[in-house]
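# Overview (structure and organization)
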Amino acid sequence: MRTGRLPPLIVAVATAACGTALAPDRQQTYEFAEPLSGLAYHWTADELPVRYWVAPDAGAVRDFVQEGLDTWSDQFLYGEFRGILVEDSADADVLVAVTPTPPQVSSTNDPPVVGACRGITRYELAADENRLAGPFHVAIDWDVRYPDVDVVNCLERVTIHEIGHTIGLFGHSPYEADLMYAAPQVTRPSDGDRQTAEILYHTPRTILPR
Amino acid sequence: MLLVLSPAVLRAQITVGLRVGAVASTNLARDSIVTTVTARQNIAPLVGLRVEVPLRGAYRLAGEVGVSRSNLMSRSDANATVVTGLMIWHPTIAVRVPATPWLTGEARLGAIMYAPSRKTGTLFSAGAPIKPSLGLGIAAARPLGRSWALALVLQYDVHKFGTAALRAHGFRDQSVVHRIALLVALSRGAEHANADR
């Protein structure tokens, strides 16, 4: 059998570049912990997907909850958060209710931002330790004096904002461009929202799960 | 020179083979989010099909397709999370040359094609990359009868990895991913018959 030399490709392999991609700085963050207590919470991999129940009379808000789950899960490179809708409230980690029943407008437009609705996310801790005592509750209400389209636009923004609270972003951003600004002006998380959520999900939580 | 061979001559000198083994990979991404976060594929079973034809002198030209599949894991401190099942197709062209009667070496040029099985996280949300790869391989072969051979194969390849999602998240440059595979190869063809004579 004849033998020979390997072709010059060896040289190319031997000189192939080495190194890793430079990771981003993630410096556009704001405070994610509960403002008064400083407590922080996020879901862990073994708790995913987080189960969301939406009241049957919530109308378009159900779609906005799904949009919020998709939007927030899309912020994570490594699958740190994922949520699904469930039909049974007893199985849920998060309960969403709307009062009164939202108007029947199926689509949003691009209007000036109007504060036609508001939302609040609550959770209870056990009496003797920093442990969740029940599911998260998201309560959304809207003002009947506003035109339907303004209400629906507001419901979309506020619902996705409240979903942000349920993933653990308890604080509010001081920046208007962020979805987690106290009176949200946008419907999508900004780079600052994304980076804050990423930092949160790699920080030890100080609230224990149920 | 391959083109001047007639189909009959070519058929007579083709070697075909099946190879199975495992492949290990370095990190696809290394991130820093409070702590170090890495995304790396678990050691994966690998199956490959290979065809070889004579090239010139002692050289042989090989075409090979390998496929491997395992979970892509995200790891940080004590946490390990499955990001997605990840299949990798690896078509390769190799030039092989014997160094001794039983040991051969080869240079490899191919493409790494990532195929994630489901969407979790956004690492592949804007598409899975196809990346060129360079590699080397050595094989220690032993004839089995007149036309079969069994070989132990060690392969190494390197490619660059990056996705649109990583760039959108602010990653700069690409990671260099090294892979090493250990395989058992069974092949049949005229080359082994010639070696026996």
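Residues numbered from 1 in each chain as written. Chains lettered and ligands numbered in written order. Predicted model: local features only at pLDDT ≥ 70, side-chain atom pairs only at ≥ 80, totals over all residues. Heavy atoms only, no water.

## Section: the overall build of chain A
Within chain A, the regular secondary structure consists of four helices and five strands. What you see in chain A, going N to C, is helices and strands ordered as α-β-α-β-β-β-β-α-α. Sequence-distant contacts, at least 24 apart, represent 76% of the contacts inside chain A between residues at least 6 apart. Counting every atom, chain A has about 10000 Å² of accessible surface; 51% of that belongs to carbon and sulfur. (Helix = DSSP H or I, 4+ residues; strand = E, 2+ residues; numbered from the N terminus. Contact = heavy atoms within 4.5 Å. Areas by Shrake-Rupley, 256 points an atom, 1.4 Å probe, with all protein chains shown as cover.)

## With respect to the confidence of the model for chain B
Interpretation of this model should avoid reading the predicted coordinates in detail wherever pLDDT is low. Residues and elements named next belong to chain B. Mean pLDDT over chain B stands at 89; residues scoring 70 or higher make up 88%. Averaged over each element, pLDDT in chain B is lowest for helix 3 (residues 190-196) (55) and highest for strand 1 (residues 15-25) (97). Overall fold confidence (pTM) sits at 0.83, and the ipTM for the predicted complex is 0.77. (pLDDT = per-residue confidence, 0-100.)

## Side note on the packing of aromatic side chains
All names here are of chain A. Under the definition given, this model contains 11 aromatic pairs over all chains. Ring centres of Phe81 and Tyr201 lie 6.5 Å apart, and the angle between their planes is 70°; this geometry places the pair in the edge-to-face category. Taken together, the residues span a long stretch of sequence, with Phe81 in the loop between helix 2 (60-73) and strand 2 (83-86) and Tyr201 in the segment after helix 4 (191-200) at a distance of 120 residues. Summarising the burial analysis for this pair, Phe81 and Tyr201 share the class buried. Seen from their ring centres, Phe136 and Phe170 are 6.2 Å apart, and the 40° between their planes marks the pair as tilted. Taken together, the residues span a long stretch of sequence, with Phe136 in strand 5 (residues 136-142) and Phe170 in the loop between helix 3 (148-166) and helix 4 at a distance of 34 residues. Neither residue differs from the other here; Phe136 and Phe170 are each classed as buried. (Phe/Tyr/Trp six-rings, centres within 6.5 Å; stacked < 30°, edge-to-face > 60°. Buried < 20%, exposed > 50% of the residue type's maximum accessible area, 1.4 Å probe, protein only.)

## Some remarks on the side chain of Glu156 of chain A
All names here are of chain A. By the secondary structure assignment, Glu156 is in helix 3. Within the buried core, Glu156 has no salt-bridge partner, and the shortest N-O distance to an opposite charge, that of Arg188, equals 4.8 Å. Those residues in contact with Glu156, other than ones at most four positions away along the chain, are Phe64, Glu67, Thr108 and Thr187. (Lys, Arg positive; Asp, Glu negative; His and termini not counted. Salt bridge = Lys/Arg side-chain N within 4 Å of Asp/Glu carboxyl O.)

## Examining the nonpolar core
Residues and elements named next belong to chain A. In terms of nonpolar packing, the biggest core is built from 70 residues, with Trp43, Tyr52, Trp72, Tyr78, Phe81, Ile167 and Leu169 touching the most fellow members. For this core, the element with the most residues is helix 3, which contributes seven residues. Contact partners of Phe81, with chain neighbours within four places excluded, come to Trp43, Leu48, Val50, Tyr52, Leu69, Trp72, Ser73, Phe76, Ile167 and Tyr201. (Core = buried A, V, L, I, M, F, W, Y, C linked by side-chain atoms within 4.5 Å.)

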